[in-house]
Amino acid sequence: MEHFTSRISRKLVLYIVLFSSVITLFLTGLQLLLDYRHGLQEIHQRFHHIDITNLESFRQAMWTIDKSSLQIQMDGVSRISDIIHVEMLNEQGKSIAQSGTYEARDTITHEFPITQLYRDREIPLGTLIVTATKRNLYQQLVDTAVVILVSQAIKTFIVSLFMFFIFYFLVARHLDNIATYLKKLDLSRKPTLLNLDKQRNREVPDELDQATDAINRMTSNIYQSYEKASQNQRILAEREAKLSAILESITDAIVIANTDRKITQVNTAFSELFGYAADEALGQTTQFLYANPDDYLAQQTERFNTQTLNRPSLYEISYRRKDGTVFPSETMGGAIILNNQNPIGFIGVIRNIEYRKKSERETLELQKQLHSAQKLEAIGQLTGGIAHDFNNILGSIIGYADLSKHLLEKSDNEKLKRYIDNIDTAGERAKNLVAQLLAFSRQTPSTIESLDLKPVIKEIITLLRPLIPSTISINTNIQERVPRVCMDATQMHQLIINLCINARDAIDSHGIITIHLRHQQTTNTRCSSCSEPVSGDYVVLAVEDNGSGIDPDIVNKVFDPFQTTKAVGNGTGMGLSVVHGILHNQNGHILVETRRHSGSTFSMLIPPCHEVPQLDNVTSGSLETDKHFGDNKHILIVDDESPITSFFTELLEGFGFKVTAVNDSREALNLFHLSPNTFDLVITDQTMPNMTGTDLFKAIRKINSSIPVILCSGYSKQVGEKDALELGFSSYMHKPIRKKELLKNIKTALNALPAPDQS
Amino acid sequence: MADINNTSFFRPIWLLLLPLLLATGALHAETRLHITTGFTPPVSDFFESVLGELDQLMPKVSITFEVLPAERSLILANQGINDGECCRIADVIQAEYGKLLPVESSFFSARFNAFGKIKRPINSFEDLKPYTVGSVEGWKIAVNKVNEINAKETHIVTTPEQLFQMIKENRLDYGVVGHLSGLQTIHSLNLSSEIHAIEPPLIEKELRLFLHEKHQYLIPAFNEAIQQLIQDGTIDRLYTQLLESL
């Protein structure tokens, strides 16, 4: 049965049926029209028949006014086929007789005038009106139509069926085979030839044979073309895949647009960068991507137009993400030009340089900080370098000033005494300056102790009050429970005083200085001087003023040495540098907040102290007046500076010591080696040619492990006080050395000696 | 100008000749009258005879006579196609045919007698009530009376022959029909020995001659001529001749 589902055959039958039906309907209509006319003609013939056969009888009856005869004749006429009504009107138009039933619908009426030739005159006797119905005609037409249509339908059905089978066997089944062959055609394999199930006329092939040959040639050609196309498609697909992979592998956002600047392709990096899914961007102009709408038009003029053949070039421009945020970019944008013809579109390769810009800013900032740190470090090194020599020089100046003052104690030469006092004062100032430099470079010797800052602050306020005008109030804001800090008390004084003096100078006439003390946790802040990140548990001692504030241009330079806004002679410019050095030497930091014309706050962040250092409570007592303090103890003094050894020799011999001064450390060692038990104490400089103080100490201790040794140093990077004590030195003295300090340390060293053997 | 002069020349001649021509025509004028009747023989024969006498008697009138179907005769006379109708009951005719004018003198009376095999004394239609009675279509005055009496049986037939055949066959006891028509039919059917006319007549009506109104001026002449024929015994003579022929 599936063979008979041929659509073409069914269509053929359908068309035959339709066409045949139309023709049948037309011919049937024509036939009915002719039959209708014929029927009308027959009715009129009946009228004519009445005229020639009955009218004379009617005339006679009307002439004789024989109504019964008239009625009989009318009844006879009314029985004629199709005649339904006969009526006779007299000459006056009055109905005098009728037969049948009159109907107005579907009827034909014919009037017969009845006259009599009487005495050469035509005398009207009346009018016979005969009415015929067309109903019979219509019924006949219906019967005829039914017969014609039914017979035509049967004929059409039979003919169609016949044509269906003929067409199927001659054409449709072959077309079906061709369709099946073409459906199964797999162009990826070499196609088999199409053969139809029919006898082939080799000399005169029919249309199906020709079609078969054409299809076989066509499939062969298509197969060859398909092979080529498949190959090209594979190559193209590989290229597209590579291109797509390249686009997707690029971490920069890529936007490809047509010549109308409507986006046709984007990569994944685009979606990640801008926040737009590809579907949201495709089809839109690139205008929505620009942070500044004017850039869109500017780029149109400069780069993205079809009039100029602008190859992609690099430029920086800002874009806007979907979330509204703007980011800077480095974009490679321009026209896509195919075969040096007109541009086929535009491409933009967008690299987000937001982090690079930030990194550049941070790098610049770090470079500034590094520069600042390097500058501080250089100053520190410079300071350390010269401090030794300065201290040696100052040691001689101050030492001899002390000796001179000692010699002139009983002299009346007041003028000379004043000169020596001036020398001593200048030496002391120079000593302080060197000490500040060393403090800044964190190389100052200090005595660390556990300090409660509350009484320190009160003590300092008392000391400060004379230095601060009465128009400036000093307030405190001190938290009740604040941990102790590990600081040198003197240095702590120096820190607070330096900051308060600066606060005073920042206030023109009237103002308030507030000293805050609190314990707080500090997080995510940065030291204003060293720029290091600061976080942790700190005791904060802040000095706040409501003065002029600090100019933003110099706020980053306030910790630089010799940086001052004060008049010449009013400040050394070392105040905040010393603060920086002392604080950082104790792992502290400082924060600066300044408000233009509203004042500044310098907050010192000092780590709380958990260990309480042991203080050396040795006092010099009245050593300076005890002329027999030396008790003829033998001291070996080693220093490459002869003024120093001379000063020490003269000073100590004045106090009853026996002194052997040597300016070469190796000579001193030899001397000690020859008579190790001769000496009670060794005082040595650290920095000396040929052999340092520590090397000499080690060598002497090998000879006499119990002899006390005091280390003196103008400045040494290698050995500080702590190092010296750990090595076993009795004490450490920092040049220039005052008489008092020297005697105190000598006494401490000698007191530490083991008791002499009583036996 | 010549034509005008010619016309003016002949005008006085025409004015002299015209009265002469009119006077000559009037002297020799004769009115032709075609008078019809709806009666059939022998009555029509009687009428023809009387009209022949009138034609003779009236020198300025020329009468032709024709027998027509009864109603057609009236219609044609009323339409003026024919000139007169002979003869009808005056009061009946004048109602339907207004253009026919009667001549006052009557020369014939229509009589309807009962005819039967048995001569019983029948003096009115009521006397016929116990019997089966018939009549002939056409004479409405007789037919209506027969129908009115509500006789034992009533049969209205088409022709006098049918009526007398039915009497002969004893299907009717009596038939009411015109006297002359009955006698002629009995004679023609050879039933004179079996069927008799019973006297007196049940209906007797005078009939009048009618002329179309266009001939109204001739009515006095016809009246005078008919009076003359009645008075000189011509009418009776002609009627007697008719009865003798039946």
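It should be emphasised that the depicted structure is a prediction, and the values quoted were computed from it without experimental measurement.

1. What about the overall build of chain A?
And step 1. Scanning chain A from N- to C-terminus turns up 18 helices and 21 strands.
And step 2. For chain A, long-range pairs separated by at least 24 residues make up 66% of all intrachain contacts whose partners lie at least 6 apart in sequence.
And step 3. Here chain A has roughly 42700 Å² of accessible surface; of this, 53% comes from carbon and sulfur atoms.

2. A short note on the overall build of chain B
And step 1. When its secondary structure is counted, chain B shows 9 helices and 9 strands.
And step 2. Within chain B, the proportion of its 246 residues that are buried is 46%.
And step 3. Within the structure as shown, chain B displays about 13000 Å² of accessible surface, and the carbon and sulfur contribution to it stands at 52%.

3. So, helix α1 (residues 7-53) of chain A
Given 3.6 residues to a turn, an α-helix orients residues that are three or four positions apart in the same direction.
Residue and element names in this part refer to chain A.
And step 1. The terminal C-alpha atoms of α1 lie 66 Å apart, and with 47 residues this matches the ideal 69 Å at 1.5 Å per residue to within 8%.
And step 2. Of the positions making up α1, those classed as buried are Ser9, Val13, Ile16, Ser20, Thr24, Thr28, Gly39, Leu40, Ile43, Phe47 and Ile50.
And step 3. Looking at the buried residues of α1, the elements they touch are α2 (55-64), α3 (67-78), β1 (83-90), β3 (107-118), β4 (121-133) and α4 (135-183).

4. A closer look at the interface of chain B and chain A
And step 1. The interface of chain B with chain A comprises 12 residues on the first partner and 10 residues on the second.
And step 2. Regarding the contact of chain B and chain A, the summed buried area is about 1000 Å², with carbon and sulfur atoms giving 54% of it.
And step 3. On the chain B side of the interface with chain A, the three residues burying the most area are B:Pro69, B:Arg72 and B:Ile81, jointly 54% of the side's total.
And step 4. Taken together, the connections running from chain B to chain A amount to 0 salt bridges.
And step 5. Our count for the contact surface shared by chain B and chain A stands at 6 residue pairs in polar contact (both at pLDDT 80 or more).

5. Digging into the confidence of the model for chain A
All names here are of chain A.
And step 1. Mean pLDDT over chain A: 84, with 90% of residues reaching 70 or higher.
And step 2. Within chain A, helix α9 (residues 354-407) has the poorest average pLDDT of any element, 77, and β1 the best, 94.
And step 3. Considering only residues more than four positions removed or in separate chains, one finds that residues 612-621, a stretch of pLDDT under 50, has 12 contacts.
And step 4. Segment residues 755-759 is flagged for pLDDT under 50; beyond a separation of four residues in sequence, or across chains, it makes 0 contacts in the model.

6. Focus: the pattern of salt bridges
Residue and element names in this part refer to chain A.
And step 1. Enumeration over the complete set of coordinates arrives at 23 salt bridges over all chains.
And step 2. Across the pair arginine 59 and glutamate 56 runs a salt bridge whose closest N-O atoms are separated by 2.3 Å. Taken together, the residues arginine 59 and glutamate 56, both in helix α2 and 3 residues apart, mark about one turn of the helix.
And step 3. A relative accessible area of 16% places arginine 59 in the buried class.
And step 4. Here the salt bridges share partners, and the residues they tie into one network are Lys198, Arg200, Asp206, Asp209 and Asp213.

7. Description of the sheet that holds strand β7 (residues 313-320) of chain A
All names here are of chain A.
And step 1. Spatially, the 5 strands line up as an open sheet ordered β6-β5-β9-β8-β7, and their pairing is antiparallel. What marks the edges here is a single partner per strand, and that holds for β6 (263-266) and β7. Here the average twist between neighbouring strands, direction ignored, is 30°.

8. Quick look at the nonpolar core
And step 1. Formed by 51 residues in total, the largest nonpolar core has its most connected members in B:Phe46, B:Phe47, B:Phe107, B:Leu128, B:Leu209 and B:Phe222.
And step 2. Beyond its immediate sequence surroundings of up to four residues, B:Leu128 is in contact with B:Ala114, B:Ile122, B:Val133, B:Ile149, B:Ala151, B:Tyr174, B:Val176 and B:Leu202.
And step 3. Ranked by size, the runner-up nonpolar core spans 48 residues in total, among them A:Val456, A:Ile457, A:Ile468 and A:Phe559.

9. Some points on empty space enclosed by the protein
Residue and element names in this part refer to chain A.
And step 1. Scanning the model with the defined rule gives 2 cavities of 30 Å³ or more in all.
And step 2. Of the voids in this model, the largest cavity is the one considered here, and its volume is about 150 Å³.
And step 3. Elements with a contribution of two residues or more to the lining of the largest cavity: β5 (253-257), β7 and β9 (343-352).
And step 4. For the lining of the largest cavity, the element with the highest residue contribution is β9, accounting for 4 residues.
And step 5. Across the lining of the largest cavity, the residue classes tally to 10 nonpolar, 3 polar and 1 charged.
And step 6. In this structure, the second largest cavity occupies an estimated 40 Å³ of space.
And step 7. Gly395, Ile644, Phe647, Phe648, Lys735, Pro736 and Ile737 together form the lining of the second largest cavity.
And step 8. Counting residues per element, the lining of the second largest cavity draws most heavily on helix α14 (residues 642-654), which supplies 3 residues.
And step 9. Within the lining of the second largest cavity, the residues separate by chemical class into 5 nonpolar, 1 polar and 1 charged.

10. With respect to the packing of aromatic side chains
A ring pair, where both rings are aromatic, is described by two values, the distance of the centres and the angle of the planes.
And step 1. Counting across every chain of the model gives 27 aromatic pairs over all chains.
And step 2. Look at A:Tyr290 and A:Tyr319: their rings are 5.5 Å apart centre to centre, the planes differ by 45°, and that puts the pair in the tilted class. Taken together, the residues span a long stretch of sequence, with A:Tyr290 in the loop between α7 (278-281) and α8 (293-302) and A:Tyr319 in strand β7 at a distance of 29 residues. A single burial state applies to A:Tyr290 and to A:Tyr319, both of which are buried.
And step 3. Where B:Phe46 meets B:Phe108, the ring centres are 5.4 Å apart and the plane angle is 45°; that geometry is what we call tilted. Residue B:Phe46 is located in helix α2 (residues 43-57), and its partner B:Phe108 is located in strand β5 (residues 108-116); the two are separated by 62 residues in the primary sequence.
And step 4. The class of B:Phe46 is buried, set by a relative accessible area of 2%.
And step 5. A relative accessible area of 7% means that B:Phe108 is categorised as buried.
And step 6. Clustering of aromatic rings is evident, with ring pairs tying together A:Phe270, A:Phe274, A:Tyr290, A:Tyr296, A:Tyr319 and A:Phe327.

11. Focus: the packing of helix α6 (residues 160-168) of chain B against helix α7 (residues 179-189) of chain B
Working note: a packed helix pair is described by the angle between its axes plus the distance between those axes.
Residue and element names in this part refer to chain B.
And step 1. Running from N to C, α6 and α7 cross one another at 65°; their axes reach a closest spacing of 10 Å. On the basis of the axis angle, α6 is roughly perpendicular to α7. Crossing handedness for the pair α6 and α7: right-handed. Two secondary-structure elements touch here, α6 through Pro160, Glu161, Phe164 and Gln165 and α7 through Gly182, Thr185, Ile186 and Leu189.
And step 2. Considered class by class, the residues forming the contact of α6 with α7 number 4 nonpolar, 3 polar and 1 charged.

12. Regarding unusual backbone geometry
And step 1. Note that the residue after B:Pro41, namely B:Pro42, is joined by a cis bond; omega there is 10°.
And step 2. For B:Pro42, the location among the structural elements is in the loop between β1 (31-37) and α2.
And step 3. Going from B:Cys86 to B:Cys87, the amide bond is cis rather than trans, its omega being 0°.
And step 4. Of note, B:Cys87 is situated in strand β3 (residues 84-88).
And step 5. Of note, the phi angle at A:Asp120 is positive, near 65°, even though the residue is not glycine.
And step 6. Inspection of the secondary structure assignment puts A:Asp120 in the loop between β3 and β4.
And step 7. With a phi angle near 60°, A:Asn587 is a residue other than glycine that sits in the positive phi range.
And step 8. Among the structural elements, A:Asn587 can be located in the loop between α13 (575-585) and β15 (589-595).
And step 9. The exposure class of A:Asn587 is exposed, given its relative accessible area of 58%.

13. Looking at the environment of A:Phe112
All names here are of chain A.
And step 1. Residue position: phenylalanine 112 is located in strand β3.
And step 2. Between the alpha carbons of phenylalanine 112 and leucine 55 there is a distance of 7.9 Å; along the sequence they are 57 residues apart.
And step 3. Residue contacts for phenylalanine 112: discarding those within four places in its chain leaves Phe47, Ile50, Asp51, Leu55, Gly126, Thr127, Leu128 and Val130.

14. Observations regarding the pairing of strand β18 (residues 658-662) of chain A
Residue and element names in this part refer to chain A.
And step 1. When strand β17 (residues 634-638) meets β18, the two strands line up parallel, connected through 5 bridges. Residue pairing in the sheet places histidine 634 in a bridge with lysine 658 of β18.
And step 2. Where the polypeptide runs from β17 across α14 and back to β18, its parallel neighbour, the crossover connection is right-handed.

15. A short note on α7(B)
Residues and elements named next belong to chain B.
And step 1. Along α7, the positions that sit buried rather than exposed are His179, Leu180, Ser181, Gly182, Thr185 and Ile186.
And step 2. Buried-residue contacts for α7 involve α2, β5, α6, β8 (174-178), β9 (196-212) and α9 (234-245).
And step 3. In the segment just after α7, asparagine 190 is the residue with positive phi, at about 60°.

16. A few points about the state of the cysteines
And step 1. Tallied over the entire structure, the rule returns 2 disulfides over all chains.
And step 2. Put simply, A:Cys486 and A:Cys609 are joined by a disulfide, and their sulfur atoms are 1.7 Å apart. With the S-S dihedral at roughly 60°, the linkage between A:Cys486 and A:Cys609 falls on the right-handed side. Of the two residues, A:Cys486 sits in strand β12 (residues 485-488) while A:Cys609 sits in the loop between β16 (599-606) and β17, which places them 123 residues apart along the sequence.
And step 3. One disulfide bridge connects B:Cys86 with B:Cys87, the sulfur atoms lying 2.3 Å from each other. With the S-S dihedral at roughly -60°, the linkage between B:Cys86 and B:Cys87 falls on the left-handed side. B:Cys87 shares its class with B:Cys86; the two are buried.

Cut-offs applied
Residue numbers here run from 1 along each chain, matching the order of that chain's written sequence. Chains carry letters from A onward and ligands carry numbers from 1 onward, assigned in written order. Given that this is a predicted model, residues contribute local features only at a pLDDT of at least 70 and side-chain atom pairs are listed and counted only at 80 or more, while totals for whole chains, interfaces and linings are drawn from all residues. Values shown for side chains rest on all heavy atoms present in the structure; no hydrogens or waters enter the calculation. Labels follow the DSSP assignment, with helices taken as runs of H or I lasting at least four residues and strands as runs of E lasting at least two, numbered in each case from the N terminus. We call two residues in contact whenever any of their non-hydrogen atoms come within 4.5 Å of each other. Surface exposure here means Shrake-Rupley accessible area, sampled with a 1.4 Å probe, where a residue is shielded only by the protein chains that are shown. The cut-offs for exposure are 20% and 50% of the maximum accessible area for each residue type, with area from a 1.4 Å probe on protein chains only; residues under the lower value are buried, those over the upper are exposed, and the others partly exposed. In this analysis, the expected span of each helix is defined as 1.5 Å times one less than the number of residues it contains. By convention, the term buried area covers the 1.4 Å-probe accessible surface removed from two parts as they join, with the contributions of both added. Salt bridge, as applied in this entry: a Lys or Arg side-chain nitrogen positioned within 4 Å of an Asp or Glu carboxyl oxygen. Contacts described as polar in this section are N or O atom pairs within 3.5 Å, which, within protein, must combine one atom able to donate a hydrogen with one able to accept it, while residues neighboring in sequence count only if both atoms come from side chains. Note: pLDDT gives the predictor's confidence per residue, expressed from 0 to 100. In this analysis, strands are considered paired if DSSP registers two or more bridges between them. Each axis is a line fitted through C-alpha atoms, taken for helices only over the stretch in contact, and angles between the N-to-C directions span 0 to 180 degrees. Residues belong to a common nonpolar core when they are buried Ala, Val, Leu, Ile, Met, Phe, Trp, Tyr or Cys residues joined through side-chain atoms within 4.5 Å. Cavity means a closed set of points on a 1 Å grid over the protein atoms alone, one where a 1.4 Å probe fits but cannot get out, pocket means an open set with protein on both sides within 12 Å along at least 5 of 7 lines, and lining means a residue has an atom within 4 Å of a point. Grid points are joined across faces, edges and corners, and a volume is the space filled by probe spheres set on the points. Nonpolar residues are Ala, Val, Leu, Ile, Met, Phe, Trp, Tyr, Cys and Pro. Charged residues are Asp, Glu, Lys and Arg, and all others, Gly as well, are polar. Only rings of Phe, Tyr and Trp enter the pairing, Trp through its six-membered ring, and a pair is recorded when the two centres are within 6.5 Å. The plane angle decides the type: under 30 degrees is stacked, over 60 is edge-to-face, the rest tilted. Angle categories are assigned with fixed cut-offs, so that under 35 degrees is roughly parallel, over 145 is roughly antiparallel, 65 to 115 is roughly perpendicular, and the rest are oblique. Definitions for this section: a left-handed crossing has its near helix turned counterclockwise from the far helix by less than a right angle. A right-handed crossing has that turn clockwise. The handedness of a crossover follows from its direction of travel: if, with the strands pointing away from the viewer, the path from the first strand over the helix to the second runs clockwise, the crossover is right-handed. Two cysteine sulfur atoms form a disulfide, by the criterion used here, when they sit within 2.5 Å.

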